[in-house]
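# Reading the structure
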Amino acid sequence: MRFHLVGLILLAGVSAPALAQRAEPVERRVDRIEQQLRAVQRRVFPNGTAQFAEPEINVQNPGFSTGIPSGNALANLTSRVDALETQLRVLTSQVEEQGHRTNQLADQVARLRTDMNARVDRIETPPARPAANPPATRPEPEAADEPDAPARPAGDAANAAEAAYNAGFRLWDQHQYAAAQTALEAAATRYPTGRWISWIRNMQGRAYLDDNKPATAARILLANYQDNPRGERAADSLYYLGQALTRLNRRAEACRVYDELAQVYPNMRNEIRTRLPQARTDARCTGGADR
């Protein structure tokens, strides 16, 4: 498009009707073409990156008004036209080079996206731990750990959300993790607001964590904390996010998560508070507050 624009400018300057040629001196016409070409250069390269040849001539008034150059004036005009052609070639070359670089950048972005997707897929299935360091087993839920909370007369929607959570909890408690994941995802989609969404998303993250899918668990647990930091299971989600990061061997990040848990939720549930020191030890955290 830019090449055609420059071409049209030159074409307009060299193929005007004969009447216009007689009415306007050739020197003035070349001046106008040079000005138009510079304007195009500024539009194509607004940052001044283009390098063009400038004619090394000293234009003087040839002392004629008929528009027909002669002598030195003709030589000067020839040099300036040659310079215009040189500038046009350079401009065309740089426009084509920019197009080539743009295509290369698009290819690099596509390769980067493919590489990132492949890395996420590999994280989903972490390598087996050596026998000397067996994977941590899920502690059995205690009385205060994710119980079937008592129903509250907050309306049919709240009761239905609670029932959906309890159904997912029972599947998780029976070690039917895939079924629990599906049930809890459906519950979160159907009841995206209200008290129980914090419980649902936290339990969904735990279902993926216990199903040996810590990367997916980490995404769900982090989102539950960030999207609903005042939710009743936001602190729990931070704790289990640290567990997921430890399994992914991202121990430094796990320690930062545990630090944030202690700072943001000093009144966390006793169940989580009791487990936090051992979690920090498993992540090899140093310093910080084991609160």
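Our structure's up above, just so we're on the same page.
Described in the following lines is the structure provided in the data block.

## A closer look at helix α9 (residues 234-247)
In an α-helix, one turn spans 3.6 residues; hence positions three or four apart end up facing the same way. The terminal C-alpha atoms of α9 lie 20 Å apart, and with 14 residues this matches the ideal 20 Å at 1.5 Å per residue to within 8%. Buried residues dominate α9, accounting for 12 of its 14 residues. Where α9 is concerned, the buried positions are Ala234, Ala235, Asp236, Ser237, Leu238, Tyr239, Tyr240, Leu241, Gly242, Ala244, Leu245 and Thr246. On the buried face of α9, the contacting elements are α7 (196-210), α8 (214-227), α10 (251-264) and α11 (270-282). With its phi angle positive at about 65 degrees, Asn249 sits one or two positions after the end of α9.

## Digging into the nonpolar core
Nonpolar side chains in soluble globular proteins tend to end up buried together. If you look at the biggest cluster of nonpolar residues, it comprises 27 residues, and the most contacted ones within it are Leu238, Tyr239, Leu241, Tyr258, Leu261, Tyr265 and Met268. Those elements giving two or more residues to this core turn out to be α7, α8, α9, α10 and α11. The element contributing the most residues to this core is α9, with eight residues. Those residues in contact with Leu241 that lie beyond four places of it in its chain are Ala218, Leu221, Leu222 and Val257. Counting residues in hydrophobic clusters, the runner-up holds 17 residues, among them Ala188, Trp196, Ile197 and Met203.

## Considering the state of the cysteines
Put plainly, two cysteines are in a disulfide when a covalent bond ties their sulfur atoms together. Throughout the structure, instances matching the rule amount to one disulfide. One disulfide in the model links Cys255 with Cys285; its S-S distance is 2.0 Å. Every disulfide takes its handedness from the sign of the S-S torsion; for Cys255 and Cys285 that torsion is -100 degrees, giving left-handed. Placement of the pair is Cys255 in helix α10 and Cys285 in the segment after α11, with a sequence separation of 30 residues. The class of Cys285 is buried, set by a relative accessible area of 17%.

## Observations concerning the environment of Gln204
Assignment of secondary structure puts Gln204 in helix α7. The buried category is assigned to Gln204, whose relative accessible area is 2%. Those residues within four positions of Gln204 in sequence are excluded, and the remaining contacts are Gln181, Leu184, Glu185 and Ile220. Within the structure, Gln204 has its side chain in polar contact with the side chain of Arg201 (distance 2.5 Å).

## A closer look at the pattern of salt bridges
Counted under the stated rule, the structure contains eight salt bridges. The partner of Arg269 in a salt bridge is Asp236, and the shortest N-O contact between them spans 2.5 Å. Remark: Asp236 occurs in helix α9 and Arg269 occurs in the loop between α10 and α11; sequence separation between them is 33 residues. Each member of the pair, Arg269 as well as Asp236, carries the same accessibility label: buried. Each of the salt bridges in this network shares a partner with another, and the network as a whole consists of Arg233, Asp236 and Arg269.

Parameters at a glance
Residues numbered from 1 in each chain as written. Predicted model: local features only at pLDDT ≥ 70, side-chain atom pairs only at ≥ 80, totals over all residues. Heavy atoms only, no water. Helix = DSSP H or I, 4+ residues; strand = E, 2+ residues; numbered from the N terminus. Expected span 1.5 Å × (residues − 1). Buried < 20%, exposed > 50% of the residue type's maximum accessible area, 1.4 Å probe, protein only. Contact = heavy atoms within 4.5 Å. Core = buried A, V, L, I, M, F, W, Y, C linked by side-chain atoms within 4.5 Å. Disulfide = S-S within 2.5 Å. Polar contact = N/O pair within 3.5 Å; in protein donor to acceptor, adjacent residues only side chain to side chain. Salt bridge = Lys/Arg side-chain N within 4 Å of Asp/Glu carboxyl O.

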